[in-house]
Amino acid sequence: QLERILQRHGFGTRRECRALIVEERIAVGGTVCADPVAEIATGGLVFSVDGVDWPFMEFATLMLHKPAGYECSRKPMHHPSVLELLPRPLRLRGVQAVGRLDEDTTGLLLVTDDGQLNHVLSSARRKVPKIYRVTTRHAVNQDQVEQLLAGVLLNDEPDPIAAAACAIAGEKLLRLTVTEGKYPQ
């Protein structure tokens, strides 16, 4: 039903979605549809809300370049949520960041409402590699790389945590791969 499709895509409650449809603000395949309970096939469906096209997606998975100054949380404590960078319907779908990047870290962040995908990518047991390009304050040397590969003791961790891979990529630049999601890592 059209109202359920709109609700699943984050356009509001069923009542709010029904109102959008009755107000003739929704088009399916370029044709305005005023029937909230119209049965709509979802294969290849593109609907529009107020003239903006939205393809039907069972799950939303996005790549987002996270700027500094945002928290990867639905309920941020000190800075705005990175989810505020997304259009309202995507936020209302319930998308979440896959893993997290610290407030001052920038880079690729996956965002999804596919709980199974999120679990597969962020589960510590699966050891999915995360590759970082790290800019350092001081020049890095091979001894420091070896130390990261051997393992360093992080705050509140009983055992050293080792990088899965690490290489010097420039005078003050490292290419660091981790497979765990330890906070201070």
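Scroll up to find the structure this text is about.
Residues numbered from 1 in each chain as written. Predicted model: local features only at pLDDT ≥ 70, side-chain atom pairs only at ≥ 80, totals over all residues. Heavy atoms only, no water.

Draft legend 1. Region of the structure containing the sheet that holds strand β3 (residues 46–49). Spatial strand order, β2-β1-β3-β4: four strands in an open sheet with antiparallel pairing. Whereas interior strands pair on both sides, the edge strands pair on one side only; in this sheet they are β2 (31–32) and β4 (52–55). Strand direction decides the pairing type here: β3 and β4, joined by four bridges, are antiparallel. Of the residues in β4, the one forming a bridge with Phe47 is Trp54. (Pairing = 2+ DSSP bridges. Helix = DSSP H or I, 4+ residues; strand = E, 2+ residues; numbered from the N terminus.)

Draft legend 2. Structural context of the nonpolar core. Counting 29 residues, the largest nonpolar core has Leu2, Leu6, Phe11 and Phe47 as the members making the most contacts within it. Looking at this core, the elements with two or more residues in it are α1 (2–8), α2 (14–22), β1 (26–28), β3 and β7 (107–112). The residues touching Leu2, leaving out its near neighbours within four places in the chain, are Ile21, Ile26, Val28, Cys33, Asp35, Pro36, Ala38 and Ile40. In terms of nonpolar packing, the next biggest core, distinct from the first, is built from seven residues, Val140, Cys166, Leu176 and Val178 among them. (Core = buried A, V, L, I, M, F, W, Y, C linked by side-chain atoms within 4.5 Å. Buried < 20%, exposed > 50% of the residue type's maximum accessible area, 1.4 Å probe, protein only. Contact = heavy atoms within 4.5 Å.)

Draft legend 3. Structural view of the pattern of salt bridges. Scanning all chains against the criterion turns up six salt bridges. Of the charged contacts, one joins Glu3 and Arg14 as a salt bridge, the two residues approaching to 3.1 Å between their closest N and O atoms. Separated by 11 residues along the polypeptide, Glu3 in helix α1 and Arg14 in helix α2 bring together distant segments of the chain. According to the relative accessible area criterion, Glu3 is buried, its value standing at 1%. (Salt bridge = Lys/Arg side-chain N within 4 Å of Asp/Glu carboxyl O.)

Draft legend 4. The arrangement of the sheet that holds strand β6 (residues 96–97) in detail. What the three strands build is an open sheet, ordered β5-β7-β6; its pairing is antiparallel. Because the sheet does not close on itself, it has two edges, and the strands there are β5 (61–66) and β6. In terms of strand pairing, β5 meets β7 through six bridges, oriented antiparallel. If you follow Thr61 over to β7, its bridge partner there is Thr112. Each of β5, β6 and β7 touches helix α4 (residues 115–122); the most contacted strand, β7, lies at about 140° to it. (Axes fitted to C-alpha atoms, helices over the stretch in contact; angles between N-to-C directions.)

Draft legend 5. Spotlight on the packing of aromatic side chains. One pass over the structure, following the stated rule, counts two aromatic pairs. Here Phe11 and Phe47 contribute two aromatic rings whose centre-to-centre distance is 6.1 Å and whose plane-to-plane angle is 80°, an arrangement assigned as edge-to-face. Residue Phe11 is located in the loop between α1 and α2, and its partner Phe47 is located in strand β3; the two are separated by 36 residues in the primary sequence. Given the relative accessible area of 12%, Phe11 is considered buried. On the basis of relative accessible area, Phe47 is assigned to the buried category, the value being 1%. (Phe/Tyr/Trp six-rings, centres within 6.5 Å; stacked < 30°, edge-to-face > 60°.)

Draft legend 6. Local environment of α2. Within α2 the residues assigned to the buried category are Cys17, Leu20 and Ile21. For α2, the buried positions fall inside an angular range of 100° around the axis, keeping them on one side. Opposite the packed face of α2, turned more than 90 degrees from it, sit the exposed residues Arg15 and Val22. Lining the buried residues of α2 we find α1 and β1. Looking one or two residues past α2, Glu24 carries a phi angle of roughly 60°, positive in sign. (Arc of directions from axis to C-beta.)

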